[in-house]
Amino acid sequence: MPLDVDIGSRLRQVRTSVGLSQRELAKRAGITNSTVSLIEANKSNPSVGALKRLLDAVPIGLAEFFAIEPQTARSPFHRACDFLEIGKGGVSYRQVGGRRPEAQLQILDECYEPGADSGRIPLVHDGEEGGVIISGLLEVTVDEERCVLGPGDAYSFASSRPHRFRCVGDEPVRIISACTPPTF
């Protein structure tokens, strides 16, 4: 097994995510409760066979287990170099805080290249969103209402209303936006 992988924390995360106690997981896997406890405390390194029996009891495959990002205490501070890029083409969506499945709020640093837009088909999803234009000119369409916004201007609306964004200037538009619940 990879030495730099925290097997114990991952196993605890998987076990608790499905609501199993150490005792129940041990029973299903045919090993002792103390063995599960030692593995989760990283005081015992399981063989591949023992780990496979534990994961089969959940059930989860070995590949999926090793692909899990361990939960760690998250810092409330985020450096720009750590933002997660989730956009493509002429649109950049840099998500603050990386992947956070538990998050209730999504904050993005957005950039639309000249002529780029959010797509021909208006977006519709649950929640609310808003943003402040930092630079450039952004055309925002909500329902049939359309407005060109510049630096310092903002938008805010229920995301259940059909909406679309488009850079209409000669320079890229930059926006800091928020959406709840997260949509990406």
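Here is a short report on the structure shown in this document. If you're wondering where the values come from, they're calculated on a predicted model, not measured in any experiment. (Residues numbered from 1 in each chain as written. Predicted model: local features only at pLDDT ≥ 70, side-chain atom pairs only at ≥ 80, totals over all residues. Heavy atoms only, no water.)

## Observations concerning the sheet that holds strand β7 (residues 154-158)
Filter applied, for reference: The criterion for strand pairing is that DSSP finds at least two bridges linking the strands in question. A run of H or I in DSSP counts as a helix once it spans at least four residues, and a run of E counts as a strand once it spans at least two, with each numbered from the N terminus.
Spatial ordering of the open sheet is given by β1-β2-β3-β9-β4-β7, a layout of six strands whose pairing is antiparallel. Since the sheet does not close on itself, it has two edges, and those belong to β1 (84-85) and β7, each with one partner. Bridge count for strand β4 (residues 128-135) against β7 is five bridges, and the pairing is antiparallel. In the sheet register, Glu128 faces β7, and the bridge partner there is Ala158.

## What about the environment of Pro172?
What counts is decided by this rule: Relative accessibility thresholds used throughout: buried, under 20% of the residue-type maximum; exposed, over 50%; partly exposed, between the two (1.4 Å probe, protein chains only).
Relative to the helices and strands, Pro172 is located in the loop between β8 (163-167) and β9 (173-180). Note on Pro172: relative accessible area 33%, which makes it partly exposed. It is 56 Å that separates the C-alpha atoms of Pro172 and Ala29, two residues lying 143 residues apart in sequence.

## Observations concerning the nonpolar core
How we decide: Take the buried residues of types Ala, Val, Leu, Ile, Met, Phe, Trp, Tyr and Cys, join any two whose side-chain atoms come within 4.5 Å, and each joined set is a nonpolar core. Residues count as neighbours in contact if any of their non-hydrogen atoms are within 4.5 Å of one another.
Of all hydrophobic cores here, the largest spans 19 residues; its most connected members are Leu11, Leu25, Leu54 and Phe65. When contributions to this core are tallied by element, the ones reaching two or more residues are α1 (7-17), α2 (22-29), α3 (33-40) and α4 (48-56). Other than its neighbours up to four places away in sequence, Leu54 contacts Leu11, Leu25, Ala29, Ile31, Val36 and Ile39. Counting 16 residues, the second largest nonpolar core, distinct from the first, contains Leu138, Val140, Tyr155 and Ile175.

## Digging into α2
Basically, it comes down to this: As used here, the arc is the angular range of directions from the helix axis to the C-beta atoms.
Those residues of α2 lying buried are Leu25, Ala26 and Ala29. What you see down the axis of α2 is that its buried residues fit within an arc of 100°, all on one side. In this structure, α2 carries Arg23 and Lys27 as exposed residues pointing more than 90 degrees from its buried face. Looking at the buried side of α2, the elements it contacts are α1, α3 and α4. Phi turns positive one or two residues past the end of α2, at Gly30, with a value near 75°.

## A few points about the pattern of salt bridges
As a reminder of what qualifies: The working definition used for a salt bridge is a side-chain nitrogen of Lys or Arg within 4 Å of a carboxyl oxygen of Asp or Glu.
Scanning the entire structure with this criterion turns up ten salt bridges. One salt bridge connects Lys52 with Asp56, and the closest N-O pair in it is separated by 3.0 Å. Pair noted here: Lys52 and Asp56 are both in helix α4, with a separation of four residues, about one helical turn. A salt bridge links Asp109 to Arg174, with the shortest nitrogen-to-oxygen separation between them at 2.9 Å. Taken together, the residues Asp109 in strand β3 (residues 106-112) and Arg174 in strand β9 connect sequence positions 65 residues apart. Asp109 gets classed as buried once you look at its relative accessible area, which sits at 7%.

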